[in-house]
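A structural walkthrough
These are the residues of each chain, in order.
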Amino acid sequence: MAEKEKVTIVVFSGDLDKALASFNIATTAASMGMDVTMFFTFWGLNVIKKNEGPLKSKGLMRKMLNWMNRGGSRRLPLSKFHLFGLGTWMMKKLMGEVRMPPPEDMIATAKRLGVKFVACNTSMGVMGLGEDAFIPEVDSFAGAATFLGEARKSTVNLFI
Amino acid sequence: MAEKEKVTIVVFSGDLDKALASFNIATTAASMGMDVTMFFTFWGLNVIKKNEGPLKSKGLMRKMLNWMNRGGSRRLPLSKFHLFGLGTWMMKKLMGEVRMPPPEDMIATAKRLGVKFVACNTSMGVMGLGEDAFIPEVDSFAGAATFLGEARKSTVNLFI
Amino acid sequence: MAEKEKVTIVVFSGDLDKALASFNIATTAASMGMDVTMFFTFWGLNVIKKNEGPLKSKGLMRKMLNWMNRGGSRRLPLSKFHLFGLGTWMMKKLMGEVRMPPPEDMIATAKRLGVKFVACNTSMGVMGLGEDAFIPEVDSFAGAATFLGEARKSTVNLFI
């Protein structure tokens, strides 16, 4: 059987606007029959962090980092015009009016369409995050070698 | 007849520096005989907005967004050192001294070389922008499926 | 003899986090036997500037730009939470604790693995930088045509 065409997206950014672009491309590609992998790294880990509860980590510096950089799909800021939350709230209202789903619903849709979620365990190590910091939709925890293994077989590669 | 090699660039950013990088790559690829599509989305729509006149949109929030995020190739800020316009003005002066054209001239050159401009109609819907907000050089208005249709046939794909 | 699989990375950003992601992918790909080219452009030139001494350039505006935008692998700021240097210092401490090398060591590792470094001479022209502003690890100085020549033969292309 022929292998399906592949799309691999590195989600480096933890900004709402870039997360939306990533999921829009990922779900469209999946619904066109392509095999999609999203590789979340660095600030992009925020997109797939649990929305509830504190993040456990050891040491004062990591606790501070994870407090400032709490993340979770419902807390992503816009890269521009965040305006202490006002601009981001407005953008979500505008999206709702044209029936564009918020990121937490896009995650569910992506999973239903078979999009694979990989969390970068190198970034997790630096930030002191364990697997329990992430939503159950994450399929695996891996590093750059796994990413490159997918990317070299992909027709479309994007770094977002 | 063999199809020409393709390059597809997503222009997500509305920053001057990233727009320059996009056009530099696009026009160089086109002059090397490649078939280039630029897909402008989210803040990247600013690059291809008309420079003149107000942008029409309905509702208070969209009016506010389009006032703050006016765009147009002559108004793009640098991603760093914009400094309330001073840094951006200086960068354009420096570019002029080495005869690098400003973005509005790069748009004209790109079109002359056959680069295709696509505006993302999903972002347009969220921001309440109609086709009349954009320069006439835009070839078409389309979404992620059209982008992926081009990208899967492209030798080089970039997300900028 | 078959040509080796190629990876081409545009390093447009001068941020520490994006530089780390670039080198992580580049060194992993090289150690997997792939032929890797990193093309440093615009703010990304900061990554490969010499860490020592002033940068020579002519004219008041270029002197100001190169003073504000000094660069060098030891001076790269985080794209978020730089906090006047405190956040960036903390991130480097956290990296050290999990034995992740700082960017200056990643440069050395990349070179040892045969990664090629190209500096964009178009950006150098705008910023008034000569070849003496850069570390000796840079292999060549070239523009978009050289980049596209590599990119069109690459299995994986990323713009970071």
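1. Describing the interface of chain A and chain C
Accessible area lost on assembly of the parts is the figure often given for the size of an interface. At the interface, 24 residues of chain A touch 30 residues of chain C. Here chain A meets chain C over a buried area of about 2,500 Å², counting both sides, of which 77% is carbon and sulfur. For chain A, the biggest contributors to the area lost against chain C are Met-61, Arg-152 and Phe-159 of chain A; these three give 27% of the whole. If you look at where chain A meets chain C, you find 2 salt bridges. Here Glu-5 of chain C and Arg-152 of chain A are joined by a salt bridge, their closest N and O atoms 2.7 Å apart.

2. Quick notes on the packing of helix α1 (residues 16-31) of chain C against helix α4 (residues 103-112) of chain C
Two quantities define a packed helix pair, namely the angle between the helix axes and the distance between the axes. All names here are of chain C. The contact between α1 and α4 brings their axes to 10 Å, and the two run at 25°. Taken as axis vectors, α1 and α4 run roughly parallel relative to one another. α1 and α4 meet at a crossing whose hand is left-handed. Along the contact surface, α1 presents Leu-16, Leu-20, Phe-23 and Thr-27, while α4 presents Pro-103, Met-106, Ile-107, Thr-109 and Ala-110. Per-class residue counts for the contact of α1 with α4 are 7 nonpolar, 2 polar and no charged.

3. A short note on the packing of aromatic side chains
As enumerated under the stated definition, the model contains 27 aromatic pairs over all chains in all. Taken together through their ring pairs, the aromatic side chains of Phe-12, Phe-42, Trp-43 and Phe-159 of chain A together with Phe-81 of chain C make up a single cluster. Its end group placed over the ring of Trp-43 of chain B, Lys-80 of chain A keeps NZ or CZ at 5.1 Å from the ring centre. Note that Lys-111 of chain A overlies the ring of Phe-117 of chain A, its terminal NZ or CZ placed 4.7 Å from the centroid.

4. Focus on the interface of chain B and chain A
On the side of chain A, 30 residues touch chain B, which itself brings 24 residues to the contact. With both sides pooled, the region where chain B packs onto chain A buries about 2,500 Å², and carbon together with sulfur makes up 77% of that total. Counting every contact that joins chain B to chain A gives 2 salt bridges. Where Glu-97 of chain A meets Arg-62 of chain B, a salt bridge forms, and the shortest distance between an N and an O atom there is 2.9 Å. Counting the contacts that link chain B with chain A gives 5 residue pairs in polar contact (both at pLDDT 80 or more).

5. Examining the environment of Phe-117 of chain A
All names here are of chain A. Along the polypeptide, Phe-117 turns up in strand β3 (residues 116-120). You can call Phe-117 buried: its relative accessible area is 0%. Remark: the alpha-carbon pair of Phe-117 and Ala-145, spanning 28 residues in sequence, is separated by 15 Å. The residues contacting Phe-117, other than those within four sequence positions of it, are Phe-23, Met-38, Phe-40, Ile-48, Ile-107, Ala-110, Lys-111, Glu-137, Val-138, Asp-139 and Ser-140.

6. Here's the deal with the pairing of strand β1 (residues 6-11) of chain C
Both faces of the sheet carry side chains from a regular strand, because those side chains alternate between them. All names here are of chain C. Most of β1 sits inside the fold, with 6 of its 6 residues counted as buried. Alternating positions in β1 separate into two faces, Lys-6, Thr-8 and Val-10 on one and Val-7, Ile-9 and Val-11 on the other, with burial throughout. Alignment of β1 against strand β2 (residues 35-40), held across 6 bridges, turns out to be parallel. Its bridge partner lying in β2, Lys-6 is registered against Asp-35. At this point the chain moves from β1, through α1, to the parallel β2, and the crossover so formed is right-handed. As paired strands, β1 and strand β5 (residues 156-159) are joined by 4 bridges and run parallel to one another. For Val-7, the partnering residue across the bridge sits in β5 and is Val-156.

7. As for a nonpolar patch on the surface
A cluster of nonpolar residues, Trp-67 and Met-68 of chain A together with Leu-83, Leu-86 and Trp-89 of chain C, forms a patch on the protein surface that exposes about 590 Å² of accessible area. Secondary structure elements with two or more residues in the nonpolar patch: α2 (60-68) of chain A together with α3 (86-97) of chain C. With respect to the helices and strands, the residue Leu-86 of chain C is situated in helix α3.

8. Some thoughts on the sheet that holds strand β4 (residues 140-142) of chain C
All names here are of chain C. Spatially, the 5 strands line up as an open sheet ordered β4-β3-β2-β1-β5, and their pairing is parallel. Of all strands in the sheet, those bounded by a partner on one side alone are β4 and β5. On average, each strand axis in the sheet is inclined to that of its neighbour by 20°, with strand direction left out of account. Bridging between strand β3 (residues 116-120) and β4 involves 3 bridges; their strand directions are parallel. Paired with Cys-120 across the bridge in β4 is Ala-142. The strands that α1 touches are β1, β2, β3 and β5; relative to β2, the one it contacts most, it runs at about 160°.

Conventions adopted
Residues numbered from 1 in each chain as written. Chains lettered and ligands numbered in written order. Predicted model: local features only at pLDDT ≥ 70, side-chain atom pairs only at ≥ 80, totals over all residues. Heavy atoms only, no water. Contact = heavy atoms within 4.5 Å. Buried area = accessible area lost by both parts, 1.4 Å probe. Salt bridge = Lys/Arg side-chain N within 4 Å of Asp/Glu carboxyl O. Axes fitted to C-alpha atoms, helices over the stretch in contact; angles between N-to-C directions. Helix = DSSP H or I, 4+ residues; strand = E, 2+ residues; numbered from the N terminus. Parallel < 35°, antiparallel > 145°, perpendicular 65-115°, else oblique. Left-handed = near helix turned anticlockwise from the far one by under 90°. Nonpolar A, V, L, I, M, F, W, Y, C, P; charged D, E, K, R; others polar. Phe/Tyr/Trp six-rings, centres within 6.5 Å; stacked < 30°, edge-to-face > 60°. Lys NZ or Arg CZ within 6 Å of the ring centre and 35° of its normal. Polar contact = N/O pair within 3.5 Å; in protein donor to acceptor, adjacent residues only side chain to side chain. Buried < 20%, exposed > 50% of the residue type's maximum accessible area, 1.4 Å probe, protein only. Pairing = 2+ DSSP bridges. Right-handed = clockwise from strand over helix to strand, strands pointing away. Patch = residues over 30% accessible without salt bridge, like charges linked within 9 Å, V, L, I, M, F, W, Y side chains within 5 Å. Areas by Shrake-Rupley, 256 points an atom, 1.4 Å probe, with all protein chains shown as cover.

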